[in-house]
Amino acid sequence: MLKLTTTLAAAALLATAGPALTAPGAFASGGSDDETIRTGSCSAGASWKIKAKPDDGRLEVEAEIDSNRVGQTWTWVLKHNGSVSARGASRTAGRSGSFDVERRTVDAAGTDSFRFRATHDGAVCVARLSL
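**Points about the sheet that holds strand β3 (residues 58-66)**
By way of backbone hydrogen bonds, the strands of a sheet pair with one another, either parallel or antiparallel. Spatially, β1-β2-β3-β6 is the arrangement adopted by the 4 strands of the open sheet, whose pairing is antiparallel. Among the strands making up the open sheet, the edge pair consists of β1 (36-41) and β6 (98-106). Put simply, the sheet's adjacent strands are angled 15° from each other on average, direction ignored. Alignment of β1 against strand β2 (residues 47-55), held across 6 bridges, turns out to be antiparallel. Opposite R38, over in β2, you have I50 as the bridge partner.

**What about empty space enclosed by the protein?**
Across all of its chains, the model carries 1 cavity of 30 Å³ or more by this definition. Of the voids in this model, the largest cavity is the one considered here, and its volume is about 40 Å³. Surrounding the largest cavity, E35, K51, A52, K53, E60, V61 and E62 form its lining. Elements with a contribution of two residues or more to the lining of the largest cavity: β2 and β3.

Each value, and the rule that gives it
- Residues numbered from 1 in each chain as written.
- Predicted model: local features only at pLDDT ≥ 70, side-chain atom pairs only at ≥ 80, totals over all residues.
- Heavy atoms only, no water.
- Pairing = 2+ DSSP bridges.
- Helix = DSSP H or I, 4+ residues; strand = E, 2+ residues; numbered from the N terminus.
- Axes fitted to C-alpha atoms, helices over the stretch in contact; angles between N-to-C directions.
- 1 Å grid on protein atoms, 1.4 Å probe; cavity = no way out; pocket = protein on both sides within 12 Å on 5 of 7 lines; lining within 4 Å.
- Points joined across faces, edges and corners; volume = space filled by probe spheres on them.

Just geometry here; none of it tells us what the structure is for.
The following block contains the structure:
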(Lines give C-alpha, C1' and ligand atoms only; values in the text may rest on other atoms or scores of the structure.)
Protein backbone atom coordinates (compact mmCIF):
# COMPACT_ATOMS: atom_id res chain seq x y z
CA MET A 1 0.00 0.00 0.00
CA LEU A 2 2.86 2.36 0.85
CA LYS A 3 4.44 1.77 -2.59
CA LEU A 4 1.14 2.61 -4.34
CA THR A 5 0.69 5.79 -2.27
CA THR A 6 4.27 6.92 -3.04
CA THR A 7 3.81 6.25 -6.76
CA LEU A 8 0.51 8.17 -6.86
CA ALA A 9 2.04 11.08 -4.93
CA ALA A 10 4.99 11.23 -7.32
CA ALA A 11 2.68 11.16 -10.35
CA ALA A 12 0.54 13.94 -8.91
CA LEU A 13 3.62 16.04 -8.18
CA LEU A 14 4.94 15.64 -11.73
CA ALA A 15 1.53 16.43 -13.21
CA THR A 16 1.30 19.71 -11.33
CA ALA A 17 4.98 20.67 -11.49
CA GLY A 18 5.55 19.67 -15.13
CA PRO A 19 4.24 22.89 -16.69
CA ALA A 20 6.18 24.98 -14.18
CA LEU A 21 9.38 23.11 -14.98
CA THR A 22 9.04 23.61 -18.73
CA ALA A 23 7.72 27.19 -18.81
CA PRO A 24 11.08 29.02 -18.41
CA GLY A 25 12.33 27.53 -21.68
CA ALA A 26 9.66 29.48 -23.56
CA PHE A 27 11.26 32.72 -22.40
CA ALA A 28 14.91 31.71 -22.82
CA SER A 29 15.44 33.78 -25.98
CA GLY A 30 14.89 37.03 -24.12
CA GLY A 31 12.93 38.55 -27.03
CA SER A 32 9.45 39.95 -26.81
CA ASP A 33 6.49 38.19 -28.40
CA ASP A 34 6.00 41.14 -30.78
CA GLU A 35 9.62 41.14 -32.03
CA THR A 36 10.34 39.88 -35.56
CA ILE A 37 13.90 38.70 -36.28
CA ARG A 38 15.58 37.64 -39.53
CA THR A 39 19.18 36.49 -40.07
CA GLY A 40 21.30 35.67 -43.09
CA SER A 41 24.66 35.57 -44.77
CA CYS A 42 26.45 38.27 -46.71
CA SER A 43 29.05 37.87 -49.39
CA ALA A 44 32.66 37.51 -48.15
CA GLY A 45 31.67 35.53 -45.05
CA ALA A 46 29.93 38.24 -43.02
CA SER A 47 26.45 37.77 -41.55
CA TRP A 48 23.47 40.03 -40.87
CA LYS A 49 20.60 40.19 -38.43
CA ILE A 50 17.63 42.54 -38.50
CA LYS A 51 14.85 42.82 -35.95
CA ALA A 52 11.89 45.10 -35.39
CA LYS A 53 9.19 45.51 -32.77
CA PRO A 54 6.48 47.99 -31.79
CA ASP A 55 7.65 50.58 -29.25
CA ASP A 56 5.29 53.24 -27.83
CA GLY A 57 3.33 53.72 -31.06
CA ARG A 58 6.46 53.61 -33.24
CA LEU A 59 8.67 50.80 -34.56
CA GLU A 60 12.12 50.10 -33.22
CA VAL A 61 14.41 48.61 -35.87
CA GLU A 62 17.90 47.22 -35.26
CA ALA A 63 20.25 45.83 -37.89
CA GLU A 64 23.61 44.19 -37.17
CA ILE A 65 26.52 43.23 -39.39
CA ASP A 66 29.07 40.74 -38.06
CA SER A 67 32.22 40.31 -40.15
CA ASN A 68 34.48 38.95 -37.38
CA ARG A 69 37.02 41.61 -38.33
CA VAL A 70 37.62 44.66 -36.13
CA GLY A 71 38.15 48.08 -37.73
CA GLN A 72 36.27 47.69 -41.01
CA THR A 73 34.20 50.68 -42.16
CA TRP A 74 30.86 49.74 -43.69
CA THR A 75 28.50 52.15 -45.46
CA TRP A 76 24.83 51.39 -44.98
CA VAL A 77 21.29 52.48 -45.90
CA LEU A 78 18.08 51.66 -44.03
CA LYS A 79 14.87 51.90 -46.06
CA HIS A 80 11.35 51.84 -44.65
CA ASN A 81 8.60 51.05 -47.16
CA GLY A 82 10.99 51.91 -50.00
CA SER A 83 12.08 55.35 -48.71
CA VAL A 84 15.45 56.07 -47.15
CA SER A 85 14.98 56.27 -43.40
CA ALA A 86 18.67 56.57 -42.45
CA ARG A 87 22.14 56.20 -43.93
CA GLY A 88 25.65 56.32 -42.62
CA ALA A 89 28.96 54.59 -42.06
CA SER A 90 29.89 52.39 -39.11
CA ARG A 91 33.08 50.71 -37.98
CA THR A 92 33.19 47.13 -36.74
CA ALA A 93 34.36 46.85 -33.15
CA GLY A 94 34.45 44.59 -30.12
CA ARG A 95 35.58 41.02 -29.96
CA SER A 96 32.98 39.99 -32.51
CA GLY A 97 33.96 42.52 -35.18
CA SER A 98 30.43 43.79 -35.58
CA PHE A 99 28.34 46.95 -35.57
CA ASP A 100 24.66 47.67 -35.21
CA VAL A 101 22.30 50.42 -36.23
CA GLU A 102 19.18 51.25 -34.22
CA ARG A 103 16.40 53.54 -35.35
CA ARG A 104 12.82 54.32 -34.38
CA THR A 105 10.42 54.89 -37.25
CA VAL A 106 6.76 55.67 -37.71
CA ASP A 107 4.40 52.71 -37.67
CA ALA A 108 2.68 53.09 -41.03
CA ALA A 109 -0.76 51.63 -41.70
CA GLY A 110 -0.60 48.04 -42.93
CA THR A 111 2.60 46.09 -43.39
CA ASP A 112 5.89 47.85 -42.67
CA SER A 113 8.84 46.67 -44.81
CA PHE A 114 12.47 47.33 -43.96
CA ARG A 115 15.57 46.84 -46.09
CA PHE A 116 19.07 47.29 -44.65
CA ARG A 117 22.00 47.25 -47.10
CA ALA A 118 25.63 47.49 -46.01
CA THR A 119 28.81 47.33 -48.10
CA HIS A 120 32.55 47.09 -47.44
CA ASP A 121 35.30 46.46 -50.03
CA GLY A 122 32.99 44.54 -52.37
CA ALA A 123 31.22 42.65 -49.59
CA VAL A 124 27.45 43.20 -49.68
CA CYS A 125 24.83 42.48 -47.02
CA VAL A 126 21.11 42.89 -47.71
CA ALA A 127 18.65 42.27 -44.87
CA ARG A 128 14.87 42.40 -45.34
CA LEU A 129 12.08 42.22 -42.82
CA SER A 130 8.33 42.90 -42.87
CA LEU A 131 5.90 43.13 -39.99
